[in-house]
Amino acid sequence: MARVAAVTGNEAVAEALRQINPDVCAAYPITPQTELMQRFAAFVSNGKVDTELILVESEHSAMSACIGAAAAGGRVATATCGPGLALMWEMLYVASGMRLPIVMAVVNRSLSAPLNIHGDHSDAMGARDSGWIQLWSENAQEAYDNTIQAFRIAENMNIRLPAMVCMDGFIISHSIGRIEYLEDEPVRSFVGEYQPLNPLLDLDNPKSYGPLILTDQYHEYKRAQHEVMTRVKDVVLAVAAEFEKVSGRRYGLFESYRLDDAEIGLVILNSAAGTAKDVVDSFRERGIRAGLLKPRLFRPFPYEEVAQALKGLKAVAVLDRADSFGGYGPVFMEVCSALYPLAERPVVINKIYGLGGRDFLPQHAEEVLAELEEIARTGKVRVAKEYIGVRE
Amino acid sequence: MKDEGGRRKAAVSWRRTRGLTDTPFHYCPGCSHGVIHRLVAEVLDELGVLEKTVGICPVGCAVFAYNYFNCDMIEAAHGRAPAVATGVKRVLPDRVVFTYQGDGDLAAIGTAEIVHAAARSERFTTIFVNNAVYGMTGGQMAPTTLLGQKTTTTPAGREVSVAGFPLKVAELMATLDGAVYVARVSVHSPKHILQAKRAIREAFKVQLDGLGFALVEVLSACPTNWGLAPPDALRWVEEKMIPVYPLGKFKVPEEIS
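Residues numbered from 1 in each chain as written. Chains lettered and ligands numbered in written order. Predicted model: local features only at pLDDT ≥ 70, side-chain atom pairs only at ≥ 80, totals over all residues. Heavy atoms only, no water.

Let's talk about the overall build of chain A
Scanning chain A from N- to C-terminus turns up 13 helices and 15 strands. At 21 Å, chain A has a C-alpha radius of gyration in line with the 21 Å of a compact globule built from 392 residues. Projected onto its principal axes, the C-alpha positions of chain A cover 70 × 55 × 45 Å. Looking at chain A as a whole, 56% of its 392 residues qualify as buried. Across chain A, contacts joining residues at least 24 apart in sequence account for 81% of those joining residues at least 6 apart. Accessible surface computed for chain A: about 16400 Å², of which carbon and sulfur atoms make up 51%. Counting 39 positive and 51 negative side-chain charges, chain A places the centres of these two groups 3 Å from one another. (Helix = DSSP H or I, 4+ residues; strand = E, 2+ residues; numbered from the N terminus. Rg over C-alpha atoms; globule rule 2.2 N^0.38 Å. Buried < 20%, exposed > 50% of the residue type's maximum accessible area, 1.4 Å probe, protein only. Contact = heavy atoms within 4.5 Å. Areas by Shrake-Rupley, 256 points an atom, 1.4 Å probe, with all protein chains shown as cover. Lys, Arg positive; Asp, Glu negative; His and termini not counted. Charge placed at Lys NZ, Arg CZ, Asp CG, Glu CD.)

This is the structure:
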């Protein structure tokens, strides 16, 4: 039986971590993630989990401690956001290079300067190339479900990679929504007993982690990381299928919303997808064939599947809550890469929205869909990349 | 005294320091930041250096210090103020440069920066505000949290076996040859506020004389995150903090002593 609760996104992920009961968490407070680990600290203090919680002096040290704990053979989790994730950057590559299945909640927050604590995707997009699996979540329910699934994906013996679970800072982390929790026992049996791989301090089989490898083997090592990423997709789907049996909730590589017969469509991550789906509905009611694709697995990116999902559309707008200044938004670049091999493909435009927590309103989605209608009709693109919701 | 119309005029015996802007503080009732801000601002004004001062803001409750100090300010990333101050001072050696940092900033994420700035004896002044807790994020355990002190991440009290000991910054800094002036003061009573101001003035004097790195640690009340009324929080500083963080001057260069 599911337990229905009204909780914040932070509470939901903390509850998932309580149920999973990791061996070690090392964390450092940072808005808007703070509440997540604070709630988990209460579980530790109240004896609800057996976790060793290490209150370290920075995020760089948090990830370093997670790396040590994971290499030692523990199931490890942490959480951070924004500048905290940026400070971890060096260690993110160490965690993935050592193939340590650490799970981290990322409560998406903008990066300085100017200083801003609100939600955008610059943090996780900055960690895009770090070799971590990335799952993105529209709401607290998805953040909870993705956290549970992330352990299974990361710890899969054919994968063994760290995974981050993203949700929007404040918009999801701090707003209360309806959620269905699983009971503790199904979560524990779903995640299963932790199986260490090559743990340290196995005296009969001594190990070294992260030694110096120069021009002789580094290139091969990185190719191995690339190759393991190509296997992640199937594991994500297999874990999702099992999770559906336990929860009744279905997950894929992305969510296709009214895309099958769509002529125009939006591609949009996380919480703004919820807003945009309502607008898609209103366009459908007016007889306009609109749809939406919400990526879930962003790393590795499911290029072929996304191409299949979008190939029949006439015009697509990719909305990015992060920018690669001097380039396009990161989701846009992936979608274009996915579509390029097709002989016939939709026209694709890029909109940058919601930086530093700027509200994404239904009106923004309406304007973009109206522009797509125009493009679908005329084939003419006014501008390839544009900021929307800007105060002039 | 008479004004232009021959009317009697009250003598000006006190004036709000020019070192602060008119922006009202956002700090909680009973927080010591306001007092410490004013002391720093008064010293800068009285030393006549306000026009050539650059301050470095922290991340933490004092993140909005740039709204209050009436001088040029630059916002540093969490913990990096001493490194930013180093850069500013090296380019503008004739200016007065200070960092204003809390314990979550200076004594945690930025410990490396402050230690190395002091070891290099950078010629700036650091005002270090120690309230034994992460204030802005809502009262989590800081490195300076007292043993047994309850915080949101140590709800049963800081226990040494899992969370270690409080970090004593003034004592630590005093071990560094490059830190030429190190003092710990408090602002929980009028007498202590006056002592704190003297120490802050000395720390800036050290910089003006080019003697090296100077740090003043100021014990500060945080009624909100300690769960105490403001008067009780001041008593907590005196009764709980000072025994762990004794006040005094740990290092004073001969030139100003």
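Next comes the rest of the write-up.
Observations regarding the pairing of strand 11 (residues 290–295) of chain A
Note on strand geometry: in a regular strand, side chains alternate between the two faces of the sheet. Residue and element names in this part refer to chain A. Burial analysis of strand 11 places six of its six residues in the buried class, the great majority of the element. Side chains Ala 290, Leu 292 and Lys 294 of strand 11 all project onto a buried face; the interleaved residues Gly 291, Leu 293 and Pro 295 project onto the opposite face, where all are buried too. For the crossover from strand 10 (residues 264–268) across helix 10 (residues 271–285) to strand 11, the handedness is right-handed. (Right-handed = clockwise from strand over helix to strand, strands pointing away.)

Re a nonpolar patch on the surface
A surface patch of nonpolar side chains, about 280 Å² in accessible area, is lined by Ile213(A), Tyr218(A) and Tyr221(A). Structurally, Tyr218(A) is set in helix 9 (residues 218–247). (Patch = residues over 30% accessible without salt bridge, like charges linked within 9 Å, V, L, I, M, F, W, Y side chains within 5 Å. Salt bridge = Lys/Arg side-chain N within 4 Å of Asp/Glu carboxyl O.)

Observations concerning the domain arrangement of chain A
Residue and element names in this part refer to chain A. According to the domain assignment, chain A consists of domain 1 (3–247) and domain 2 (254–387). Taken over C-alpha atoms, the centre of domain 1 sits 28 Å from the centre of domain 2. The partner domain 2 presents 29 residues to the 31 residues of domain 1 that form the contact. Of the roughly 2200 Å² buried where domain 1 meets domain 2, counting both sides, 54% is carbon and sulfur surface. For Lys 294, the salt bridge is made with Glu 142, and the minimal N-O distance between the two is 2.6 Å. Viewed at the interface, domain 2 and domain 1 are joined by 18 residue pairs in polar contact (both at pLDDT 80 or more). (Domains from an automatic or database assignment. Buried area = accessible area lost by both parts, 1.4 Å probe. Polar contact = N/O pair within 3.5 Å; in protein donor to acceptor, adjacent residues only side chain to side chain.)

Topic: the interface of chain B and chain A
On the chain A side, the residues contacting the 18 residues of chain B number 17 residues. Surface buried jointly by chain B and chain A totals about 1200 Å² across both partners, of which 68% is contributed by carbon and sulfur atoms. Together, Ile109(B), Thr137(B) and Thr153(B) form the three largest contributors to the area buried by chain B at its contact with chain A, with a combined 32%. Across the contact surface, chain B and chain A share zero salt bridges.

Some details on the environment of Arg39(A)
Residue and element names in this part refer to chain A. Relative to the elements of secondary structure, Arg 39 occurs in helix 2 (residues 34–45). Overall, Arg 39 belongs to the partly exposed group, its relative accessible area being 34%. Distance from Arg 39 to Met 98, taken between C-alpha atoms, is 30 Å for residues 59 residues apart in sequence. Setting aside residues no more than four positions away along its own chain, Arg 39 makes contact with Glu 11 and Ala 14.

Concerning the environment of Gly329(A)
All names here are of chain A. With respect to the helices and strands, the residue Gly 329 is situated in the loop between strand 13 (315–320) and helix 12 (330–339). By relative accessible area, Gly 329 is classed as buried at 0%. On a C-alpha basis, the gap between Gly 329 and Leu 319 in space is 7.8 Å, while along the polypeptide they are ten residues apart. Excluding its chain neighbours within four sequence positions, the residues that come into contact with Gly 329 are Asp 320, Ala 322, Asp 323, Ser 324, Asn 350 and Ile 352.

Some remarks on the packing of helix 11 (residues 303–310) of chain A against helix 12 of chain A
All names here are of chain A. At a closest axis distance of 8 Å, the pairing of helix 11 and helix 12 adopts a crossing angle of 80°. When the axes of helix 11 and helix 12 are compared, the pair comes out roughly perpendicular. From helix 11, Tyr 303, Val 306, Ala 307 and Leu 310 reach across to helix 12, where they touch Glu 334, Val 335, Ser 337, Ala 338 and Leu 339. When grouped by side-chain class, the residues that make up the contact of helix 11 with helix 12 number seven nonpolar, one polar and one charged. (Axes fitted to C-alpha atoms, helices over the stretch in contact; angles between N-to-C directions. Parallel < 35°, antiparallel > 145°, perpendicular 65-115°, else oblique. Nonpolar A, V, L, I, M, F, W, Y, C, P; charged D, E, K, R; others polar.)

Comments concerning the packing of helix 1 (residues 9–20) of chain A against helix 7 (residues 140–155) of chain A
For any two helices packed against each other, the geometry is given by the interaxial angle and the distance between the axes. All names here are of chain A. Viewed as axis vectors pointing N to C, helix 1 and helix 7 meet at an angle of 30°, and their least axial separation amounts to 8 Å. Judged by the angle between their axes, helix 1 and helix 7 are roughly parallel. Where helix 1 crosses over helix 7, the two elements pack in a sense that is right-handed. Note on element contacts: helix 7 touches helix 1 through Ala 140, Ala 143, Tyr 144, Thr 147, Ile 148 and Phe 151, opposite Gly 9, Ala 12, Val 13, Glu 15, Ala 16, Leu 17, Gln 19 and Ile 20. Residues belonging to the contact of helix 1 with helix 7 are distributed by class as follows: ten nonpolar, three polar and one charged. (Left-handed = near helix turned anticlockwise from the far one by under 90°.)

Topic: the sheet that holds strand 10 of chain A
Residue and element names in this part refer to chain A. Strand order in the open sheet formed by six strands is 9-11-10-13-14-15, with mixed pairing between adjacent strands. If you trace the sheet from one side to the other, it starts and ends with strand 9 (254–257) and strand 15 (385–387), each paired once. Neighbour-to-neighbour, the strand axes of this sheet turn through a mean angle of 20°, independent of strand direction. On top of the sheet, helix 10 reaches strand 9, strand 10 and strand 11; it is set at about 165° to strand 11, its chief contact. (Pairing = 2+ DSSP bridges.)

Points about the pattern of salt bridges
Overall, the coordinates contain 48 salt bridges over all chains when judged by the stated rule. In this structure, the salt-bridge partner of Arg249(A) is Asp145(A), at a minimum N-O distance of 2.6 Å. In this pair, Arg249(A) is assigned in the loop between helix 9 and strand 9 and Asp145(A) in helix 7, connecting sequence segments 104 residues apart. Judged by its relative accessible area of 0%, Asp145(A) is buried. Between Glu202(B) and Lys249(B) there is a salt bridge, with its nearest N and O atoms 3.0 Å apart. Residue Glu202(B) is found in helix 8 (residues 190–208), and its partner Lys249(B) is found in strand 7 (residues 248–251); the two are separated by 47 residues along the sequence. Linked through salt bridges whose partners overlap, the residues forming this network are Arg3(A), Glu15(A), Arg18(A), Glu183(A) and Asp184(A).

Examining the sheet that holds strand 7 of chain B
Residue and element names in this part refer to chain B. In space, the seven strands of this open sheet follow the order 2-1-3-4-6-5-7, with mixed pairing throughout. In this open sheet, the two strands that pair with only one neighbour each are strand 2 (72–75) and strand 7. The sheet shows a mean angle of 20° between the axes of neighbouring strands, direction not considered. Summarising the sheet, strand 5 (residues 179–186) and strand 7 pair through three bridges and their orientation is antiparallel. For Arg 184, the partnering residue across the bridge sits in strand 7 and is Gly 248. Set on the sheet, helix 8 makes contact with strand 3 (96–102), strand 4 (125–130), strand 5, strand 6 (213–219) and strand 7; between it and strand 5 the angle comes to about 165°. On the sheet, helix 10 (residues 230–244) packs against strand 4, strand 5 and strand 6 and is oriented at approximately 130° with respect to strand 6.

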